[in-house]
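Secondary and tertiary structure notes
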Amino acid sequence: MEKSIHKDQVERFGSILLEIGSLLMSYGANSMRIRVTLNRIAKAFGYNLELLITHRALMLHIDDKDDQHSFNQLKRTSPHGVNFRLVSGISNMSWRIVSEKWSLDEIEKEIERLKSLPHYPRIIILLLVSLADLSFCRLFGGGMIEMSIAFGATFVGLFVRQEAVKKTFNPYICIFFASLASSLISGLAVKFNLGDHPEYAFATSVLYLIPGVPLVNSFSDIIDGNIMNGIVRGMHGMVIVLSIALGLALSLLIYQI
Amino acid sequence: MTVLSIFEHMLWPALASIGFAVLFNVPHRTLIVILGMGAVCGLTKYVTMEFGMHVITASFLAAIVVGFLSISAAQNKLSPMYVFAIPSIISMIPGAFSYRTMLGLIQLTQDLNPDQYVEVLHNVTSNGLNAVFVLLSISVGVSIPMLLTRHESAREIVALVKRNP
């Protein structure tokens, strides 16, 4: 009887670990971070953990120290956007599990809480990201006119992307739509020669789509020796770059610049 | 190098960092630190480039500075290091180089006479290589503190420093 309770416990713990791992993978943590976090939690509960991390699935094997019970399972990880609030929350949780000896119930409750944490209000995101692109335009050497064009183009482009994501288009297509919308607006400036260097506005109006997290994670994965994951993430980043370029190229074609 | 240009090269990268921080949905408590780190990152890159450093080396240095700053930020604000590091370095993303590379690639597919072709190819190679190396130096620079201390988390690095002051 006691044995079966213990078996349930192992299975439940394994499922929680998989859930945490797949959340980290979906929301932009690198492979080393996933391995370290899961190992930390498993160690706190006295289990051995072996882990296979890939971009779209996690495989996990845990056993307790005396090899009485083990648990194997595979879990698909769904691709999502970057959400550092969740990643940061999970990292803090893993430390507190170690120091405060949490029970499984507490962990499950905390995961639910972290998943329900709010995003920034949509209008704030739109305004601040547009401001970021305005800054990029300024760093390139654009003047007031170019900066305001970059601001407007980003605002519309990001809005288009959010709407496309809501309608669950393919993620790369979402980025293509956004890039096309932004460059169609900033392309008008080039077409009608507004400002001194309208091409600066054109070039910077799509920079908010740059896959910063996949590319940085790709390099850090490769440096850590998770070369397969690094290559996959790098390829993912490259396809995003290609989608951006495709949108730009289509605008160039439409306006015959 | 005037006060105004220094200020500008701190202000704009900082604003860019905040924009991306919000896009990545970082915790509220980290926003102000990311603002500061974006400014320091822009300042480092600007000053080193004013002293005649190449853009690749300058980006590398700025990324290293961000990497070290993010250790103490991670310790104080209880978030993983890259929550601070990635938004802060985003203003150094080689957008101009990539854009010129892409334009050049589009031009290469069109009918060009050999002289023009060589010129465009020259631009594409130079801009493309710069873009790749800036990207590489940023990613390596940010992870330098982790590579040097051979620890994966900020807390372990700080604990290590405290043990061996």
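Residues numbered from 1 in each chain as written. Chains lettered and ligands numbered in written order. Predicted model: local features only at pLDDT ≥ 70, side-chain atom pairs only at ≥ 80, totals over all residues. Heavy atoms only, no water.

Describing a nonpolar patch on the surface
The condition is simple: Without a salt bridge and with relative accessible area above 30%, a residue can belong to a patch; like charges are then joined within 9 Å and nonpolar side chains (Val, Leu, Ile, Met, Phe, Trp, Tyr) within 5 Å. Working definition of accessibility: Shrake-Rupley area with a 1.4 Å probe, residue cover restricted to the visible protein chains. Salt bridges are identified by distance alone: a Lys or Arg side-chain nitrogen within 4 Å of an Asp or Glu carboxyl oxygen. Strands here are runs of E lasting at least two residues and helices are runs of H or I lasting at least four, both read from the DSSP assignment and numbered beginning at the N terminus.
Taken together, the side chains of M144(A), I145(A), L188(A), F192(A) and L194(A) make up a nonpolar region of the molecular surface, amounting to roughly 530 Å² of accessible area. Among the secondary structure elements, F192(A) is positioned in the loop between helix 7 (171-191) and helix 8 (198-204).

A closer look at the sheet that holds strand 1 (residues 47-53) of chain A
Residue and element names in this part refer to chain A. Note the cut-off: Paired strands are those between which DSSP finds at least two bridges. Axis lines are fitted to C-alpha atoms, over the contacting stretch for helices. Their N-to-C directions set the angle, which ranges from 0 to 180 degrees.
If you walk across this open sheet you meet the 3 strands as 1-2-3, and the pairing is antiparallel. Both edges of this open sheet fall to strand 1 and strand 3 (70-76), since each of them pairs with a single strand only. Here the strands of the sheet are splayed against their neighbours by 15° on average, with no regard to which way each runs. In this structure, strand 2 (residues 57-64) lies alongside strand 3, joined through 7 bridges in antiparallel fashion. When the bridges of strand 3 are listed, I62 appears paired with F71.

Here's the deal with the domain arrangement of chain A
All names here are of chain A. Formally: Segment limits for the domains were obtained from an automatic or database-derived domain assignment. Whether two residues touch is decided by their heavy atoms; if any such pair falls within 4.5 Å, the residues are in contact. In this description, buried area is defined as the sum, over both parts, of the accessible area (probe of 1.4 Å) that is lost when the two are combined. Any pair of N or O atoms that falls within 3.5 Å is considered a polar contact. Within protein, one atom must be able to donate a hydrogen and the other to accept it, and sequence-neighbouring residues count only if both atoms are side-chain atoms.
If you check the domain split of chain A, you get domain 1 (2-115) and domain 2 (122-255). Taken together, the 12 residues of domain 1 in the interface contact 10 residues of domain 2. Of the roughly 860 Å² buried between domain 1 and domain 2, counting both surfaces, carbon and sulfur atoms make up 49%. Together, N30, S31 and H55 form the three largest contributors to the area buried by domain 1 at its contact with domain 2, with a combined 51%. The interface formed by domain 1 and domain 2 holds 0 salt bridges in total. Taken together, the links from domain 1 to domain 2 amount to 7 residue pairs in polar contact (both at pLDDT 80 or more). Take the side of domain 1 that touches domain 2: its biggest share by element is 3 residues, from helix 2 (residues 31-44).

Some thoughts on unusual backbone geometry
Test applied: Burial classes: relative accessible area under 20% of the type maximum marks a residue as buried, over 50% as exposed, and values in between as partly exposed (1.4 Å probe, protein chains only).
In this model, K101(A) sits at a positive phi of 50°, which is unusual for a non-glycine residue. If you trace the backbone, K101(A) turns up in the loop between helix 3 (84-100) and helix 4 (104-115). When its relative accessible area of 70% is taken as the criterion, K101(A) is described as exposed. The backbone of N25(B) shows a phi angle near 60°, a positive value even though the residue is not glycine.

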